[in-house]
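# Secondary and tertiary structure notes
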Amino acid sequence: MTVRVHVDTSEDRMSQQTIKQQARRTAREMAEKRRREREERERRVIDLAERVMVAIGERDAAVAETEKRAGEALRELTEREGLSLSEAVEWCGETVSVREATRLRRLASEAQADGGGEQDGGVTAALAAAGSGGAGAGSAAG
């Protein structure tokens, strides 16, 4: 029976060293690629989240402005035209309840007291909360 003994030659060690170096380099490259992909995804997620927040802020601002206008018209119906709130609601085709009309009139009164009938702080606050004018606002339109 013959026993073969493998003796490491310098050539074997060189090829093993080359294989290890190549494996390390490949692993580092793959890790770097995954890191870049995660960063790109995070940038996309941030941009989309900003777009959501800006759109919601714009919606809230639009709602605040239209509610203020409705409240002003209701105030005119009751104060200038002398209708009761119930009568004003009837004239509006009952598209609004007396409770809602009361709230809208109150909003209009507060807006007038705050800014003399100009854009109220709720609209400004809604836009500020949405982050409009922030670093990503320009990209949100695209």
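The name that an unreviewed UniProt entry assigns to the chain is ANTAR domain-containing protein, with the source organism given as Nocardioides humi.

## Observations regarding the overall build of the chain
Scanning the chain for helices and strands turns up 5 helices and 0 strands. Its helices and strands in sequence order give the chain the pattern α-α-α-α-α, from N to C terminus. For the chain, the proportion of contacts with a sequence separation of at least 24, taken over those separated by at least 6, is 66%. Accessible surface for the chain amounts to roughly 10800 Å². Of this, 52% is attributable to carbon and sulfur atoms.

## Observations concerning the pattern of salt bridges
Within this structure, the stated rule accounts for 9 salt bridges. In this structure, the salt-bridge partner of Asp 60 is Arg 59, at a minimum N-O distance of 2.8 Å. Given the relative accessible area of 45%, Arg 59 is considered partly exposed. Between Glu 65 and Lys 68 there is a salt bridge, with its nearest N and O atoms 3.7 Å apart. A residue pair is termed a helical-turn pair when its members lie 3 or 4 positions apart in one helix, as Glu 65 and Lys 68 do in helix H1 (residues 10-80) at 3 residues. Assessed through its relative accessible area of 5%, Lys 68 is described here as buried. Each of Glu 32, Arg 35, Arg 36 and Glu 39 takes part in a single network of salt bridges with overlapping partners.

## Let's talk about the environment of Ala 101
For Ala 101, the location among the structural elements is in helix H3 (residues 98-115). By relative accessible area, which is 0% here, Ala 101 ends up buried. A sequence separation of 26 residues divides Ala 101 from Arg 75, and the C-alpha atoms of the two residues are 9.2 Å apart. With sequence-adjacent residues up to four places away left out, Ala 101 is seen in contact with Leu 74, Leu 85, Val 89 and Val 96.

## What to know about the nonpolar core
Counting 7 residues, the largest nonpolar core is built from Leu 74, Leu 85, Ala 88, Val 89, Val 96, Ala 101 and Leu 104. Elements with a minimum of two residues in this core: helix H2 (85-91) and H3. Counting residues per element, this core draws most heavily on H2, which supplies 3 residues. When neighbours within four sequence positions are excluded, Leu 104 is seen to be in contact with Glu 67, Ala 70, Gly 71, Leu 74 and Val 96.

## Things to note about a positive patch on the surface
On the surface, a cluster of positive charge is made up of Lys 20, Arg 24, Arg 25 and Arg 28. Along the polypeptide, Arg 24 turns up in helix H1.

Conventions adopted
The numbering scheme is per chain: residues are counted from 1 as the chain's sequence reads. Whole-chain, interface and lining totals are the exception, using all residues; otherwise, since this is a predicted model, local features are given only for residues with pLDDT of at least 70 and side-chain atom pairs are given and counted only at 80 or more. Remark: hydrogens and water are excluded; side-chain values derive from all non-hydrogen atoms of the structure. Helix and strand assignments come from DSSP, with helices taken as H or I runs of at least 4 residues and strands as E runs of at least 2, each series counted from the N terminus. Any two residues whose heavy atoms approach within 4.5 Å are treated as being in contact. Computed by Shrake-Rupley with a 1.4 Å probe, the accessible areas treat only the displayed protein chains as cover when residues are assessed. Every case where a carboxyl oxygen of Asp or Glu lies within 4 Å of a side-chain nitrogen of Lys or Arg is listed as a salt bridge. To sort residues, take the accessible area from a 1.4 Å probe on protein chains only and compare it with the maximum for the residue type: under 20% means buried, over 50% means exposed, and anything in between is partly exposed. Only buried residues count toward a nonpolar core. Its members are Ala, Val, Leu, Ile, Met, Phe, Trp, Tyr and Cys residues joined through side-chain atoms within 4.5 Å. The patches described consist of residues with a relative accessible area above 30% and no salt bridge, like charges being joined within 9 Å and nonpolar side chains (Val, Leu, Ile, Met, Phe, Trp, Tyr) within 5 Å. Charge assignment: positive for Lys and Arg, negative for Asp and Glu; neither His nor the chain ends contribute. Charged side chains are reduced to one point each, which is NZ for Lys, CZ for Arg, CG for Asp and CD for Glu.

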